[in-house]
Structures are given as structure tokens and as C-alpha cells.
Amino acid sequence: ILQTIKSVDIGNGATEICDYAFYGCDSLESVSIPESVSKIGTFAFSQCLSLAEINVDGTNPNYESDENGVLFTEGKTELIQYPANNAATAYSVPDSVKVICDDAFRHSENLAEISLPEGLEEIGDEAFYASGIKTVTLPSSVSSIGKDAFGWCFSLESIFVDDGNSNYSNDENGVLFTKY
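No experiment lies behind these values; they were computed from the predicted model shown.

Some points on the environment of Gly 124
- Here Gly 124 shows up in the loop between strand 12 (122-123) and strand 13 (135-138).
- Filtering out sequence-adjacent residues up to four positions away, Gly 124 remains in contact with Ile 100, Cys 101, Asp 102, Gly 146 and Ala 149.

Set out below in C-alpha cells:
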């Protein structure tokens, strides 16, 4: 039945969205999260290839969304999920984001250009897996890049690393290397 749902409006009073709750729900296009939700499990909206927006009630003290329908922890310190079917071809991650969670941009094939903020510290496992991004510039603050973070990014031409990054570098061809 989950494979036919296009929109989910989680009722106020619900406190938790479990791990993998909507994982792989290909028909899901939009989700509304009420003020009462205090926990969203791992990969709750991952692999939802039609998902275009996640909207969090503005009074929720734990989570928020932006005008692009992107899901964050409150204060936008962690980017949890970018909707895979968002029509935007470019996105600037807010300056407040310190962590891009596992699978956050997975299958975001429309997304060709991403701007990462100075202050970003961690990119999770498979964060950009199978995304449409063409180039990435990593700020000096990135200290951790997860397994297969850029795996299956067939459009990816190069990764550039800020010279001040003490953990990563790139060569003249835009190939990413660790410094340790």
C-alpha cells in the first residue's frame, strides 16, 4: 500500500517517524510533519524517488524545513533529507549546516550544482550517491567524508578542495585525496 501513496500528512500527536518508515516509497511526492514529532528515524525518507517536498510545521521544536522542502534538525545544523525529486538544478546548503546526513541527497538527479558552506564538518555515507552534481568544492572545514559519499555520481566531473583543508586535497584533474 505504501507504494501507491502520493502525499502523507502525519497527524498532530504523532511523536516519532521510525527508521525506514517510508524508505523506497517511490510514489510519495510530499510529506507534512506536525509540531508533535520529536524523533525522525534514520533513512525515514530515503529512496523516495518522487519526493518533491518535506514540510515541517513551523512550531516543531526539533525539526524544520526550508522553502525548498528540505528537512533539517532545528537550527539547521544537520541536513537530513533533500527531496530526491526536487525540480531545482542548484541548491545552496545553509551556512548553519555542520552535517550532511547519510543518504541526504541520494538520487537527486535534477541537482547539478551544489554550494557547500564554510563551517560544514561532515558529509555522511552515500550523501550524494547517484546525484546529478557536476562539480563540488569542499570547504576547509570538512573533516569527514563518509563511504561512497559521491558514489555513482556519473555527472560528477571534479571535486575541488579549499587549500586550507587539513584532511583532504585534490589533484589537477579534480580527483579527491585524503591527506592522512
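Comments concerning the pattern of salt bridges
- As enumerated under the stated definition, the model contains three salt bridges in all.
- The residue Lys 6 makes a salt bridge to Glu 29 at a minimum N-O spacing of 3.6 Å. Of this pair, Lys 6 sits in the segment before strand 1 (7-9) while Glu 29 sits in the loop between strand 2 (16-17) and strand 3 (30-33), placing them 23 residues apart in sequence.
- Taking relative accessible area as the criterion, Lys 6 reaches 49% and is therefore assigned partly exposed.
- We note a salt bridge from Glu 126 to Arg 106, for which the minimum N-O separation is 2.2 Å. Taken together, the residues span a long stretch of sequence, with Glu 126 in the loop between strand 12 and strand 13 and Arg 106 in the loop between strand 10 (99-100) and strand 11 (113-115) at a distance of 20 residues. Per residue, the accessibility class of Glu 126 equals that of Arg 106, and both read buried.
- Taken together, the salt bridges that share partners define one network made up of Asp 103, Arg 106 and Glu 126.

Considering the state of the cysteines
- Under the defined criterion, the tally for this structure stands at zero disulfides.
- Cys 101 carries a free sulfur, and the closest cysteine sulfur to it, the one in Cys 48, is 16 Å from it.

With respect to the packing of aromatic side chains
- The full count for this structure, using the stated rule, is ten aromatic pairs.
- Residues Phe 22 and Phe 45 carry aromatic rings whose centres are separated by 5.6 Å and whose planes lie at 5° to one another, so their mutual orientation is stacked. Residue Phe 22 is located in the loop between strand 2 and strand 3, and its partner Phe 45 is located in the loop between strand 4 (39-40) and strand 5 (53-56); the two are separated by 23 residues in the primary sequence. In terms of burial, Phe 22 and Phe 45 fall into one category: buried.
- Ring centres of Tyr 91 and Phe 105 lie 6.3 Å apart, and the angle between their planes is 50°; on these two criteria the pair is classed as tilted. Within this pair, whereas Tyr 91 is found in strand 9 (residues 90-92), its partner Phe 105 is found in the loop between strand 10 and strand 11, the two being separated by 14 residues in sequence. Across the pair, exposure class does not vary: Tyr 91 and Phe 105 are buried alike.
- Among the aromatic residues, those joined into a cluster by ring pairs are Tyr 82, Tyr 91, Phe 105, Phe 128 and Phe 150.
- Over the aromatic face of Phe 72 sits the side chain of Lys 76, whose NZ or CZ is 5.5 Å from the ring centroid.

Rules and cut-offs
Residues numbered from 1 in each chain as written. Predicted model: local features only at pLDDT ≥ 70, side-chain atom pairs only at ≥ 80, totals over all residues. Heavy atoms only, no water. Helix = DSSP H or I, 4+ residues; strand = E, 2+ residues; numbered from the N terminus. Contact = heavy atoms within 4.5 Å. Salt bridge = Lys/Arg side-chain N within 4 Å of Asp/Glu carboxyl O. Buried < 20%, exposed > 50% of the residue type's maximum accessible area, 1.4 Å probe, protein only. Disulfide = S-S within 2.5 Å. Phe/Tyr/Trp six-rings, centres within 6.5 Å; stacked < 30°, edge-to-face > 60°. Lys NZ or Arg CZ within 6 Å of the ring centre and 35° of its normal.

None of the figures reported here should be taken as evidence of function without further support.
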